[in-house]
Amino acid sequence: MSNRSIIYSLICCFGLVACSTERGSNNSRSDVQDAPYILVLGTIQDAGSPHIGCDKICCSDIPDKACRKVSSLAIVDPQSNHYWILDATPDFPAQNRMARNELSEGGLVPTGIFLTHAHIGHYTGLMYLGREAKGSQNVPVYAMPRMDSFLRSNGPWSQLVDLNNIELKRLKADSAVQLTPDIRVTPFLVPHRDEYSETVGFRIEGPNKSALFIPDINKWTSWERSINDEVHQVDLAFIDATFYSEGELPGRSMSEIPHPFVVETRQLFEHEPDSIKNRIQFIHLNHSNPLLYNDSVQNELKQAGYRMAKSGGRYPL
Ligand SMILES: [Zn+2]
Ligand SMILES: [Zn+2]
Ligand SMILES: [Zn+2]
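Residues numbered from 1 in each chain as written. Chains lettered and ligands numbered in written order. Predicted model: local features only at pLDDT ≥ 70, side-chain atom pairs only at ≥ 80, totals over all residues. Heavy atoms only, no water.

For this particular structure, what's the right way to read the coordination of the zinc ion (ligand 3)?
Put simply, the ideal angle at a metal is 109.5 degrees for four donors in tetrahedral geometry and 90 or 180 degrees for six donors in octahedral geometry. Protein-derived ligands of the zinc ion (ligand 3) are His 117 (NE2), His 119 (ND1) and His 192 (NE2), with the metal-ligand distances lying across 2.1 to 2.2 Å. The sequence motif formed by the donor residues of the zinc ion (ligand 3) is H-x1-H-x72-H. We classify His 117 as buried; its relative accessible area is 1%. In this structure His 192 comes out as buried when scored by relative accessible area, which is 7%. (Donors = N, O, S within 2.8 Å, 3.2 Å for Na, K, Ca; no water. Buried < 20%, exposed > 50% of the residue type's maximum accessible area, 1.4 Å probe, protein only.)

Is there a simple way to think about the pattern of salt bridges in this case?
Opposite charge on two side chains permits them to pair, given that their charged atoms come into close proximity. Using the criterion set out here, one finds 10 salt bridges in the structure. The partner of Arg 193 in a salt bridge is Glu 195, with the nearest N and O atoms 3.4 Å apart. The class for Arg 193 is partly exposed, based on a relative accessible area of 28%. Taking the relative accessible area as the measure of exposure, Glu 195 reaches 45% and is therefore partly exposed. For Glu 264, the salt bridge is made with Lys 219, and the minimal N-O distance between the two is 3.0 Å. Within this pair, whereas Glu 264 is found in helix H9 (residues 262-269), its partner Lys 219 is found in the loop between strand E10 (210-214) and helix H8 (227-232), the two being separated by 45 residues in sequence. Take Glu 264: its relative accessible area is 27%, and that puts it in the partly exposed class. Shared partners join several salt bridges into a network, and the residues in it are Asp 148, Arg 152 and Arg 170. (Salt bridge = Lys/Arg side-chain N within 4 Å of Asp/Glu carboxyl O. Helix = DSSP H or I, 4+ residues; strand = E, 2+ residues; numbered from the N terminus.)

Which parts of the structure should I look at to understand unusual backbone geometry?
Most of the time, phi is negative for any residue but glycine, and the peptide bond is trans. The amide bond that connects Ser 49 to the next residue, Pro 50, takes the cis arrangement and shows omega of 5 degrees. Considering the arrangement of structural elements, one finds Pro 50 in the loop between strand E1 (37-42) and helix H3 (57-60). Cis geometry marks the peptide bond from Gly 155 to Pro 156; its omega dihedral reads 0 degrees. With respect to the helices, strands and loops of the structure, Pro 156 is situated in the loop between helix H6 (145-153) and helix H7 (157-162). Notably, Asn 138 is not glycine yet its phi reads approximately 50 degrees, a positive angle. When you line up the elements, Asn 138 lands in the loop between helix H5 (120-123) and strand E5 (139-143). Judged by its relative accessible area of 33%, Asn 138 is partly exposed.

Help me understand the sheet that holds strand E3 (residues 82-86) in this model?
Strand pairing in a sheet relies on backbone hydrogen bonds, with the paired strands running either antiparallel or parallel. Pairing within the open sheet is mixed, and its seven strands lie in the order E6-E5-E4-E3-E2-E1-E14. In this open sheet, the two edge strands, each paired with only one partner strand, are strand E6 (166-170) and strand E14 (314-316). Strand-to-strand twist across the sheet, computed as the mean angle between neighbouring axes with direction ignored, equals 25 degrees. Pairing of E3 with strand E4 (residues 112-114), which is carried by three bridges, proceeds in the parallel orientation. If you follow Trp 84 over to E4, its bridge partner there is Gly 112. Sheet contacts for H6: E5 and E6; angle to E6, the most-contacted strand, approximately 155 degrees. (Pairing = 2+ DSSP bridges. Axes fitted to C-alpha atoms, helices over the stretch in contact; angles between N-to-C directions. Contact = heavy atoms within 4.5 Å.)

Pasting the structure below:
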């Protein structure tokens, strides 16, 4: 067994424990090794960490700098040797490497890229596919209609389209894209600051399990759907944990950048059993979020039954 296989098996085991739910599968490990999985490529808000101009404790002494990449997921399918990436972040080259290192064969770039919206942490990594960088050929980029128009009509993104570095494929809300016979991704609209594009979350379904990915959303109350109902319908939920609580950004009005505070999400799930709380994997943390640098806040969250998405973590689908 190679070192990588051993590491894979160990992490796979960990992944199974970490994601065990009341709907947990009875698969043997050999089934799981062949099964597709989600690989977490990053967990930080758009602007990353260390955050520009921040000399506070959150950014001045970071023990695990290497792990602080911007929020993104990969779907990896060892059987077909394909991988797809959800959101092209400013850390895209390193994250692309993380994903392709999972496979023994396969392409140098993703089989497809799915975009949630046009804020800097979610699409600007596309620039690395252009002439100054990879100069790729027709990488499928799945985007909603406004996002698609934004990329086609504004440089430098329009050059990626003109030079066929990327091939835009239009998403339709609530309409699934089949990646393989047993993996599919479905976008759904969520309320957010939609200056340049609409914003979507994704539902990812594999042969055994399913997951939600909602890195950015306004307050849960401004969404027509119930996050509790949505979490009940999946095995894992990678959801917006940009800010922990009110008052986190002294001198800035947090009403201009509304997100569900972690404490508000916890209130909504307060009376749910641990088997439901365990499905929540908080992601997209702002550099100011104490979950990133305060062990006691982090431990208290875990004791309450919730999880934080881990960069490099694998979650079988
Ligand atoms: Zn974001
Ligand atoms: Zn900071
Ligand atoms: Zn955003």
